[in-house]
Each structure stands twice: as structure tokens, then as C-alpha cells.
Amino acid sequence: MDRLTNTIRPYAWGSATLIPELLGTEPTGEPQAEMWMGAHPGAPSQLDRGAGATSLSDVIAADPAGELGRAALARFGPRLPFLLKLLAAGAPLSLQVHPNLAQAKEGYDAEERAGVPLDAPYRNYKDANHKPELICALTPFEGLCGFRTPQEAAHTLAALEVDSLKPYVDLLRAHPVEAALREVLTAVLTADREEMAATVTEAAAACERLGSAQYTAYASLAHHYPGDPGVLAAMLLNHVQLQPGEALFLGAGVPHAYLGGMGVEIMANSDNVLRCGLTPKHVDVPELLRVVRFEPTDPGVLRPEASPSGEELYETPTDEFRLSRFVRAQGAAPTGLTMATPQILLCTAGSPSVGGLTLTPGAAVFVAAEEKSELSGTGTVFRATVVA
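Just so it is clear, the model here is predicted, and its values are computed rather than measured.

Participant: So what about the pattern of salt bridges? Which residues, and what values?
Facilitator: Throughout the structure, instances matching the rule amount to 15 salt bridges. For arginine 290, the salt bridge is made with glutamate 106, and the minimal N-O distance between the two is 3.6 Å. Here the residue arginine 290 occupies a position in helix H12 (residues 285-291), and glutamate 106 occupies one in helix H5 (residues 101-113), the gap between them amounting to 184 residues. Using a relative accessible area of 34% as the deciding quantity, one classes arginine 290 as partly exposed. Classification of glutamate 106 as partly exposed rests on a relative accessible area of 49%. With its nearest N and O atoms 2.7 Å apart, the salt bridge here joins glutamate 295 to arginine 293. The class of arginine 293 is partly exposed, set by a relative accessible area of 35%.

Participant: Lay out the packing of aromatic side chains with the relevant residues and their values.
Facilitator: Using the criterion set out here, one finds 4 aromatic pairs in the structure. Here phenylalanine 141 and tyrosine 258 contribute two aromatic rings whose centre-to-centre distance is 5.4 Å and whose plane-to-plane angle is 75°, an arrangement assigned as edge-to-face. Here phenylalanine 141 is found in strand E9 (residues 141-147), whereas its partner tyrosine 258 is found in strand E12 (residues 256-268), with 117 residues between them in sequence. For the ring pair tyrosine 215 and tyrosine 218, a centre distance of 6.1 Å and an interplane angle of 80° mean the geometry is edge-to-face. Note that tyrosine 215 and tyrosine 218 are positioned in helix H10 (residues 213-224) at a spacing of 3 residues, about one turn of the helix. With relative accessibility at 6%, the residue tyrosine 215 sits in the buried group. Its relative accessible area of 0% is what places tyrosine 218 among the buried residues. The cationic tip of arginine 9 hangs over the ring face of tryptophan 36; the distance from NZ or CZ to the ring centre is 4.6 Å.

Participant: Lay out the side chain of threonine 348 with the relevant residues and their values.
Facilitator: Counting through the fold element by element, threonine 348 comes out in strand E18 (residues 343-350). Among residues more than four places away in sequence, those in contact with threonine 348 are Leu22, Leu138, Val264, Pro361, Thr380 and Phe382.

Participant: Account for the pairing of strand E23 (residues 379-385), naming residues and giving values.
Facilitator: Where burial is concerned, most of E23 is hidden: 7 out of the 7 residues are buried. The pairing of strand E16 (residues 322-328) with E23 spans 7 bridges and is classified as antiparallel. Bridged to arginine 328 within E23 is glycine 379. Of the pairings in the sheet, the one linking E18 to E23 comprises 6 bridges and is antiparallel in character. Opposite isoleucine 344, over in E23, you have alanine 384 as the bridge partner.

Participant: Hey, could you go over the sheet that holds strand E19 (residues 353-354) for me, with residue numbers and the actual values?
Facilitator: The 4 strands are arranged E17-E22-E19-E20 in an open sheet whose pairing can be described as antiparallel. Because the sheet does not close on itself, it has two edges, and the strands there are strand E17 (335-336) and strand E20 (357-358). Pairing analysis gives 2 bridges linking E17 to strand E22 (residues 374-376), with the strands arranged antiparallel. Pairing of glycine 336 across the sheet is with glutamate 374, part of E22.

Participant: With reference to specific residues and values, describe helix H9 (residues 193-210).
Facilitator: Given 3.6 residues to a turn, an α-helix orients residues that are three or four positions apart in the same direction. Taking 1.5 Å per residue as the helical rise, H9 with its 18 residues ought to reach 26 Å, and the 25 Å between its terminal C-alpha atoms agrees with that figure. Taken residue by residue, H9 has Met196, Thr199, Val200, Ala203, Ala204, Ala206 and Cys207 as its buried positions. The arc enclosing the buried residues of H9, seen along the axis, measures out at 165°, which places them on a common side. The exposed residues of H9 that point more than 90 degrees off its buried face are Glu194, Thr201, Glu208 and Arg209. Between the side-chain oxygen of the N-cap and the backbone nitrogen of glutamate 194 there are 3.1 Å, and the N-cap of H9 in question is aspartate 192. Of the residues one or two after H9, glycine 211 is the one with positive phi, at around 75°.

Conventions adopted
- Residues numbered from 1 in each chain as written.
- Predicted model: local features only at pLDDT ≥ 70, side-chain atom pairs only at ≥ 80, totals over all residues.
- Heavy atoms only, no water.
- Salt bridge = Lys/Arg side-chain N within 4 Å of Asp/Glu carboxyl O.
- Helix = DSSP H or I, 4+ residues; strand = E, 2+ residues; numbered from the N terminus.
- Buried < 20%, exposed > 50% of the residue type's maximum accessible area, 1.4 Å probe, protein only.
- Phe/Tyr/Trp six-rings, centres within 6.5 Å; stacked < 30°, edge-to-face > 60°.
- Lys NZ or Arg CZ within 6 Å of the ring centre and 35° of its normal.
- Contact = heavy atoms within 4.5 Å.
- Pairing = 2+ DSSP bridges.
- Expected span 1.5 Å × (residues − 1).
- Arc of directions from axis to C-beta.
- Polar contact = N/O pair within 3.5 Å; in protein donor to acceptor, adjacent residues only side chain to side chain.

Structure follows, in C-alpha cells:
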């Protein structure tokens, strides 16, 4: 197995303290948003097998069957199909949605035919893959996930008592579910920006007066993104507060945003994001409306299912990744970890050992398919692998 050296991404929304606190390092004063673990070309993990540092992506390319196992190779090709992250949000991320596999392939092919450069700021599809994802809270974690029912959304907006929101309230109450959600989101995102900015400002002031947890979250969004129509789009979504150990699964077409906190995130190895707002980046409204699923969604907070081995699994409907954790008490017997698929193991508490390597919080190792491995000691370890 290989100890990984991982890149920390300094996105502007990142917390300056949460990842350093976990790693036991001094904050730099700059945001530290995500630590990437995997073989994504944007920031592949590095390892050293005695010949100097090399990327995990190069190691896999040199021997895909040996590193990934034959079943994973046959199913997903010669690449690690997931990306594991530590995510630390000090400010809200953009309100966004991910395409399904067919939509991603269609969108990617269309932009390739049109000659849109991969690094163009207005490009929607960076690859032809979908991007289901799972976030598991390490600290109290706040987010938005999936549409509320139109009646619930209407109640939220009506409570603000803002005259310019009344047409949206009427639409939500009068139309069938899918049409109501589609029409209101479309209206919010295509309205005159100057008029919308005034509405957002008035709505934010009303949120501050109301003062409940969800309204405080919307007021915070308006503080970070003044006048952004995404603030009103956010009011159509479920407000979710996770406690440590709880998780959210985000499938294709489900609008969502992370607002604050730290978690372990795992996703299919893709960069495809369509943004709804809360961002200075490109928002392609027609393409967004093609991808969004206009249906109310229960956020479905996940809690892990324990097995006799002590492994606690977060069940999801995707095969590109499988996330579980081990919470080991002092004196617990060692646990075998050998699998026919590749694994990344991430320590988030304590000082457990994997093979001959002692881990500290934030440390991660790559375990190739069929490599014999055993977990011992005390602490918490997350295991990322695939279903093959």
C-alpha cells in the first residue's frame, strides 16, 4: 500500500481553519477548500514506491489490471472511477446540478463538435461522465438539497411579505408540481437583473427579521452574493442540517449547494457542473433547465448501516464509488481490508494502522486490488472503493 501526498485546493469559499485543524498544521490565512485523493487529472495524488514521487494516475496507467483489479477494469476502464475529498466550506458554494450519463455524453459531444475549448469559461461539459456524489459530515454541516413541494416553497416565499415575490407564490400555488417549479425557477433566473437584485435585497432583509435557521441561511447567501437570483432559487430547495456521521447522496438533476462545514465527499470522477446561481461563473440557463429534475425530493439523510465486521456502509445507488467507515475503539481486534477492487483509506480521527503504516487525521493511503491489508489500532477510517 502507498501513503498518498494530496493537493489542497484554495477555492475562495474554503475555510481557512477546518482542514488545518484536522491535519494539525498551522493555518496559512488563505482558504483551504478541498483536499483531493485519487487520480483526477486536475490534481492526482502522489506516491513513492522507491523511485521518487509519481502520480497515482501514472501508476494506474502503467498496470491498470494490477492496480484496479480485473472486474473494475472491465467495468470502468483503465482509470480510478471515483474521487475522494475532504471538503471544508467557510462560505456557500454555488447552487448547482449535475447531468445524468446520457446528458453528459450528449452535452460533451455537442461542445466538442462545436469546437468549444475545454478550458473556456462558458463550457458546460468537461467530460462525458455523470457526477453522482455523497457528502458525509465530519462537523455540523449545512446545505440545500432538492426541491421542496411547491406548497412548501410558496409558504417560505409568502412569509417574507415582499410584493415582488407574490407572482412566484401564485405560480407555485396554482400550477401542477413540475410546471410550478419549472416556471418559477425559469422566471427567477431570466428576470431583469437590476429588478431581481432589488427583490433579493428586500427578501434578505425579511429573512433577517424572521430569524429561523433556514431564513438565516438565506440571509447569509444574500450577504455573500448580493443581488444574486440564486438566493431566491435557493428558497425553493430543502434546507438540511447534518450532524457528524450523517450524509447526503446527490443524484443527477437534483439542485443543491453546500453552505458551511467540513465533510468527506466522494463522487464519480467528473467535472460536469451546471450552475443555477450564487456564483460569478457562467450560468447557462437553457442547458440548466434541460438537466434539472423538476420534482420534489426528500433530502434523504443517510446514516451508515453497520456490519458484523464493524464496517459502516453508506448505501447509494451508484457503482462508481462505495463509501464506508470504521470507528474503532481501543482494544478492538484487527479488521481485514483485502478487496478485489482498489481502495483509498482516509483517517479522520485517532492513530490507527493499516499494514505497517500509522495514520494520523488527514492521512490517506492507496491499496491496490487484492493487496493484503489489515486495519488495527484506535480511530476513524473512511474507506472508498467501487462496486464491480
